[in-house]
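# Coordinate analysis (summary)
What follows is the residue order along each chain.
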Amino acid sequence: VTGVQTCALPICWREYVVGNELKAFLERTLDRDDRILSRDKAAFAQHDRARGLPWLPTLAVINRREGVAIDGAAVIEDEPQLWSALEKLRRGGDLVAKPSCGERGKGFFCVSREWVVRDETGTAIDRRVFARTVLTYTHRLGNFGYLVQSALASHPEMVELTGIHTVSSVRIEIGRAH
């Protein structure tokens, strides 16, 4: 994965494979620590980094009420902090904000250098709607808040293969009976 994505690129979502049988299996077989890792992107990233695996840095956290602390990330808890932090961070390029307890792209936002905010469908939305959403977000699995990271673009060969410019990802969860 290389480069920085511009929010003007079309956002395209593909099918996700999630089965109720898989969810039930994971709930039965994963211990508490593994369930936390599977639900909190920040905890999963910290777990991998401790083992030498690289992850895209988290620049800021918004409304994070539980979960691991993220070293070096700005902590955003109200609207003035949100706009101040994003003003500084977006100087480095477009940003994405996504729930730490993400579910297949739901709740994803892209904030461009020009202050255009787009939701997971690529639709431009009012900045106040974005602020209200990220600052009041809760999830049934935990109050892990939103993560802010640099927006990335796919390598040109991946764009040719997939037909989309945004980063494609695969998340594989493997469990085994103890």
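Please refer to the structure placed before this passage.
### Observations regarding the side chain of Thr58
In this structure, Thr58 sits in the loop between helix H3 (41-49) and strand E2 (60-62). A polar side-chain atom of Thr58 sits 3.4 Å from a polar atom in the side chain of Gln149. Once residues lying within four places of it in the same chain are set aside, the contact partners of Thr58 are Arg49, Ile70, Ala73, Leu147, Val148 and Gln149.

### With respect to helix H4 (residues 79-89)
Regarding H4, the residues found buried are Leu82, Trp83, Ala85 and Leu86. Its buried side turned inward, H4 meets E2, strand E3 (74-76), strand E4 (95-99), helix H5 (127-136) and strand E8 (146-150). If you check the start of H4, you find a side-chain oxygen 2.9 Å away from the backbone N of Gln81, and it comes from Asp78.

### A few points about the environment of Asn143
Mapping Asn143 onto the fold places it in the loop between H5 and E8. When the C-alpha positions of Asn143 and Cys101 are compared, they lie 8.3 Å apart, and in sequence the two are 42 residues distant.

### Some thoughts on H5
Regarding H5, the residues found buried are Phe130, Ala131, Val134 and Leu135. When H5 is viewed along its axis, its buried side chains cluster within an angular range of 110 degrees and face the same direction. Of the exposed residues in H5, those oriented more than 90 degrees away from the buried face are Arg128, Arg132 and Thr136. The N-cap residue of H5 is Asp126: its side-chain oxygen and the backbone nitrogen of Arg128 are 2.7 Å apart.

What counts, and where the lines are drawn
- Residues numbered from 1 in each chain as written.
- Predicted model: local features only at pLDDT ≥ 70, side-chain atom pairs only at ≥ 80, totals over all residues.
- Heavy atoms only, no water.
- Helix = DSSP H or I, 4+ residues; strand = E, 2+ residues; numbered from the N terminus.
- Polar contact = N/O pair within 3.5 Å; in protein donor to acceptor, adjacent residues only side chain to side chain.
- Contact = heavy atoms within 4.5 Å.
- Buried < 20%, exposed > 50% of the residue type's maximum accessible area, 1.4 Å probe, protein only.
- Arc of directions from axis to C-beta.

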